[in-house]
Amino acid sequence: MDIKVWMYVIYLAVSVGLTIWVARALSRNGQVFLEEVFAEERLARAVNSLLVVGFYLLNLGYVTVAMKHPDPVGSTSQAMEELSLKIGLVLLVLGALHFFNVFALGRYRRNRLRQLATHPPIAPIGRLPMPSAPPSR
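Caption draft 1: Focus on the overall build of the chain. Helix and strand content of the chain: three helices and zero strands. Counting from the amino terminus, helix and strand elements in the chain follow one another as α-α-α. The C-alpha atoms of the chain give 25 Å as radius of gyration, which overshoots the globular expectation for 137 residues (14 Å, by more than 25%). Dimensions of the chain along its principal axes, counting C-alpha atoms only, are 90 × 50 × 25 Å. In the chain, once contacts between residues fewer than 6 apart in sequence are set aside, the share between residues at least 24 apart is 79%. Accessible surface, the chain: about 10300 Å² in total, of which carbon and sulfur atoms supply 67%.

Caption draft 2: Inspection of the side chain of Thr19 at higher detail. One can find Thr19 in helix H1 (residues 3–38). A distance of 2.8 Å separates a polar atom in the side chain of Thr19 from the backbone oxygen of Ser15.

Caption draft 3: Seen up close, the packing of aromatic side chains. Throughout the structure, instances matching the rule amount to two aromatic pairs. Taking the centre distance of 6.1 Å and the plane angle of 20° together, the rings of Phe99 and Phe103 count as stacked. Note that Phe99 and Phe103 are positioned in helix H3 (residues 76–116) at a spacing of four residues, about one turn of the helix. One cation-aromatic arrangement involves Lys86 over Tyr11; the distance from NZ or CZ to the ring centre is 5.9 Å.

Caption draft 4: Representation of the pattern of salt bridges. Taken as a whole and assessed by the stated rule, the structure comprises three salt bridges. Notably, a salt bridge pairs Glu41 with Arg45, separated by 3.1 Å at the nearest N-O pair. Here Arg45 and Glu41 lie together in helix H2 (residues 41–65), a separation of four residues that amounts to about one turn. Judged by relative accessible area, which is 47%, Glu41 ranks as partly exposed. Linking Lys86 and Glu82 is a salt bridge whose minimum nitrogen-to-oxygen distance equals 3.7 Å.

Definitions and limits used
- Residues numbered from 1 in each chain as written.
- Predicted model: local features only at pLDDT ≥ 70, side-chain atom pairs only at ≥ 80, totals over all residues.
- Heavy atoms only, no water.
- Helix = DSSP H or I, 4+ residues; strand = E, 2+ residues; numbered from the N terminus.
- Rg over C-alpha atoms; globule rule 2.2 N^0.38 Å.
- Contact = heavy atoms within 4.5 Å.
- Areas by Shrake-Rupley, 256 points an atom, 1.4 Å probe, with all protein chains shown as cover.
- Polar contact = N/O pair within 3.5 Å; in protein donor to acceptor, adjacent residues only side chain to side chain.
- Phe/Tyr/Trp six-rings, centres within 6.5 Å; stacked < 30°, edge-to-face > 60°.
- Lys NZ or Arg CZ within 6 Å of the ring centre and 35° of its normal.
- Salt bridge = Lys/Arg side-chain N within 4 Å of Asp/Glu carboxyl O.
- Buried < 20%, exposed > 50% of the residue type's maximum accessible area, 1.4 Å probe, protein only.

Have a look at this one:
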């Protein structure tokens, strides 16, 4: 096999491995957060499963689309540079997906808590009176 094929094999192995590891970690550790967001364990588990499936689809889709490298790879160092670029982009996509999910769920939680509040927040009206100074001796 030539260098380019080895580059593809390593890229796929590392990218798929990272995707599976990150998805499991986020699913396991995000369950508590989702239960807080949705206030119902059953709904939180269902959303967690859907998020994992969407995470796999988006990231593995990106990995397969980004795998193609049109230029010939002449040396091992060139293959390593291309491989590091591709894996770095995969890591950036993983981070962006995670950030988007946490941001969206945080906003949903904040809106839900605002709706459950018994009264809306009220802006302060004026200032509280200052206590008078104690008499000097």
